[in-house]
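Observations on the model geometry
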Amino acid sequence: MAPSKQPQPPFQKDERVLCFHMEMLYEAKILDIMSAESGDGWLYKIHYKGWKNTWDDWVPQDRIRKFTDENKELAAQLLAQSKSLQSSKTAKQSAKKGGRASDMSSARGSEERTAGTTTATGRGPRRARDYDLEQKENFYNRPSVKIPVPDHIKSLLVDDWENITKNHQLVPLPHVHPVTEILEDYLAHERPNRQPGSASMDVLEETIVGLRDYFDQALGRLLLYRFERLQYHEMHQLWHSADSNHKSAKDTYGAEHMARLLVTLPELIAQTNMDQQSVNRLREELIKFTNWFSRHVTKYFVPEYENPDQDYLEKVKSV
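Residues numbered from 1 in each chain as written. Predicted model: local features only at pLDDT ≥ 70, side-chain atom pairs only at ≥ 80, totals over all residues. Heavy atoms only, no water.

Going by the annotation in an unreviewed UniProt entry, the name recorded for the protein chain is Chromatin modification-related protein EAF3, with Chaetomium strumarium given as the source organism. According to the UniProt record, the Subcellular location (unreviewed entry) comment for the protein chain reads "Nucleus". The UniProt entry for the protein chain carries the following comment under Subunit (unreviewed entry): "Component of the NuA4 histone acetyltransferase complex." (UniProt positions renumbered as here; feature names shortened; annotations may be inferred.)

Digging into the nonpolar core
Phe215, Met258, Leu261, Leu265, Phe289 and Phe293 are the most contacted members of the largest nonpolar core, which totals 60 residues. Excluding residues within four positions of it along the chain, Phe215 makes contact with Val179, Leu223, Ala249, Lys250, Tyr253, His257, Met258 and Leu261. Counting residues in each nonpolar core, the second largest holds 11 residues, with Phe11, Cys19, Tyr48 and Val59 among its members. (Core = buried A, V, L, I, M, F, W, Y, C linked by side-chain atoms within 4.5 Å. Buried < 20%, exposed > 50% of the residue type's maximum accessible area, 1.4 Å probe, protein only. Contact = heavy atoms within 4.5 Å.)

Digging into the sheet that holds strand β3 (residues 42–48)
The 5 strands are arranged β4-β3-β2-β1-β5 in an open sheet whose pairing can be described as antiparallel. Of all the strands in the sheet, the pair left with one neighbour each is β4 (57–60) and β5 (64–66). Going from strand to strand, the sheet's axes swing by 50° on average, the running direction of each strand aside. Taken together, the 6 bridges between strand β1 (residues 16–21) and strand β2 (residues 24–35) define a ladder with antiparallel strand orientation. In the sheet register, Val17 faces β2, and the bridge partner there is Ala28. (Pairing = 2+ DSSP bridges. Helix = DSSP H or I, 4+ residues; strand = E, 2+ residues; numbered from the N terminus. Axes fitted to C-alpha atoms, helices over the stretch in contact; angles between N-to-C directions.)

A look at unusual backbone geometry
Here the amide bond leading from Leu173 into Pro174 is cis, since omega sits at -5°, within 30 degrees of zero. In this fold, Pro174 is placed in the loop between α3 (151–166) and α4 (179–190). A positive phi angle is found at Asp14, which is not glycine, with a value near 75°. In the Ramachandran plot, His168 falls in the positive-phi region, its phi being about 55° despite a non-glycine side chain. Mapped onto the elements of the fold, His168 is located in the loop between α3 and α4.

Overview of the packing of aromatic side chains
Counted under the stated rule, the structure contains 13 aromatic pairs. Ring plane angle 15° and centroid distance 5.8 Å describe the contact between Phe289 and Phe293, whose orientation is recorded as stacked. Of this pair, Phe289 and Phe293 both sit in helix α8 (residues 276–294), 4 residues apart, which is roughly one turn of that helix. You'll find Phe289 and Phe293 in the same group, each marked buried. Both rings, one in Trp292 and one in Tyr300, keep their centres 5.9 Å apart while their planes meet at 45°; by these two values the pair is tilted. Classification of Trp292 by relative accessible area gives buried; the value is 4%. Taking relative accessible area as the criterion, Tyr300 reaches 1% and is therefore assigned buried. An aromatic cluster of three or more residues is present, and its members are Tyr186, Phe289, Trp292, Phe293, Tyr300 and Phe301. (Phe/Tyr/Trp six-rings, centres within 6.5 Å; stacked < 30°, edge-to-face > 60°.)

Quick notes on the pattern of salt bridges
If you walk through the whole model with that rule in mind, you get 16 salt bridges. One salt bridge connects Glu27 with Arg16, and the closest N-O pair in it is separated by 2.8 Å. Highlighted residues: Glu27 in strand β2 and Arg16 in strand β1, separated in sequence by 11 residues. Residue Glu228 pairs with Arg260 through a salt bridge whose shortest N-O separation is 2.7 Å. Of the two residues, Glu228 is situated in the loop between α5 (199–223) and α6 (229–239) and Arg260 in helix α7 (residues 255–270); the sequence distance between them amounts to 32 residues. Of the two residues, Glu228 and Arg260, neither departs from the other in class, the shared state being buried. (Salt bridge = Lys/Arg side-chain N within 4 Å of Asp/Glu carboxyl O.)

Topic: the layout of surface pockets
Considered as a void within the structure, the second largest pocket measures approximately 1100 Å³ in volume. In this structure, the second largest pocket is lined by 39 residues; those nearest its centre are Gln61, Asp62, Ile64, Arg65 and Ser200. Residue assignment for the lining of the second largest pocket shows that the elements contributing at least two residues are β1, β3, β5, α1 (69–97), α5 and α8. Considering each element in turn, the lining of the second largest pocket owes the most residues, 8 residues, to α8. Of the residues in the lining of the second largest pocket, the class split is 12 nonpolar, 13 polar and 14 charged. (1 Å grid on protein atoms, 1.4 Å probe; cavity = no way out; pocket = protein on both sides within 12 Å on 5 of 7 lines; lining within 4 Å. Points joined across faces, edges and corners; volume = space filled by probe spheres on them. Nonpolar A, V, L, I, M, F, W, Y, C, P; charged D, E, K, R; others polar.)

Brief notes about the packing of α5 against α6
With their axes 11 Å apart at the nearest point, α5 and α6 run at an angle of 155° to one another. Comparing their axes, α6 and α5 come out roughly antiparallel. Crossing hand, α5 versus α6: left-handed. Two secondary-structure elements touch here, α5 through Leu219, Gly220 and Arg221 and α6 through Arg229, Tyr232 and Trp239. (Parallel < 35°, antiparallel > 145°, perpendicular 65-115°, else oblique. Left-handed = near helix turned anticlockwise from the far one by under 90°.)

Here we look at α6
Along α6, the residues that are buried comprise Leu230, Gln231, Met235 and Trp239. For α6, the elements touching its buried residues are α5 and α10 (310–318).

As structure tokens, then:
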């Protein structure tokens, strides 16, 4: 029997790629390839464009990305995020030297959620969280995790806040496109871009499982406005109904509440004990998902919010 041929590496010599160095993606060229000593995967000798040859390095496959428009967009976002973080740190240091610390979380601890983002027109106050105000020093010392959110998602979040807290409307539930469907659609889109059994595929699938769990756990505690809590109680009863197909938050709520989770995730991730490398990989996956999600808002967001009946309004007032 002829020996089985070793599979070809996914990247080729002289190929133009993007490669991670620390938290940033840089344009690079593959100079050489060899099998990893473990026999699992490949190692690539990388030359970063515009860098001296002394920076050439052998790197594992999971640090390399194809030179695609999507990955170039990711590299640009990581660069913009790094510049923003540096500016923020400089501002904080200047404020500290002058004895002035800005109150980053003055609205936290409020029972009523307010808008977490504002548009250029300044519509809508800042979204508050349903957990206690942190000490400023602890807030500043937490690891910073930034997930860029496209402007039109921010605009939809402000509209979402206005519809519920000002207009006293509700997202129709059960949602026609629940979070479960959204995540399955993303998996179907992204899986063909990953090698079966690869570390990249594992990270993708683990991220989707994590998003499902985070959504179920965070919805009732962090993602609702006061006006929605009675509706949540009604949905909670539905989940425990024997003849219902809707058994959890992710099966019942949709894009509007998923968008709220995306702007809340940086704070949740910062409170985990994940190491920096794991955080970086998770952030990359979340940025990719957010970009895909933002391109499909017309499909997943409801076209209109519903007006609750008078009985609902009276019950909300009595609570």
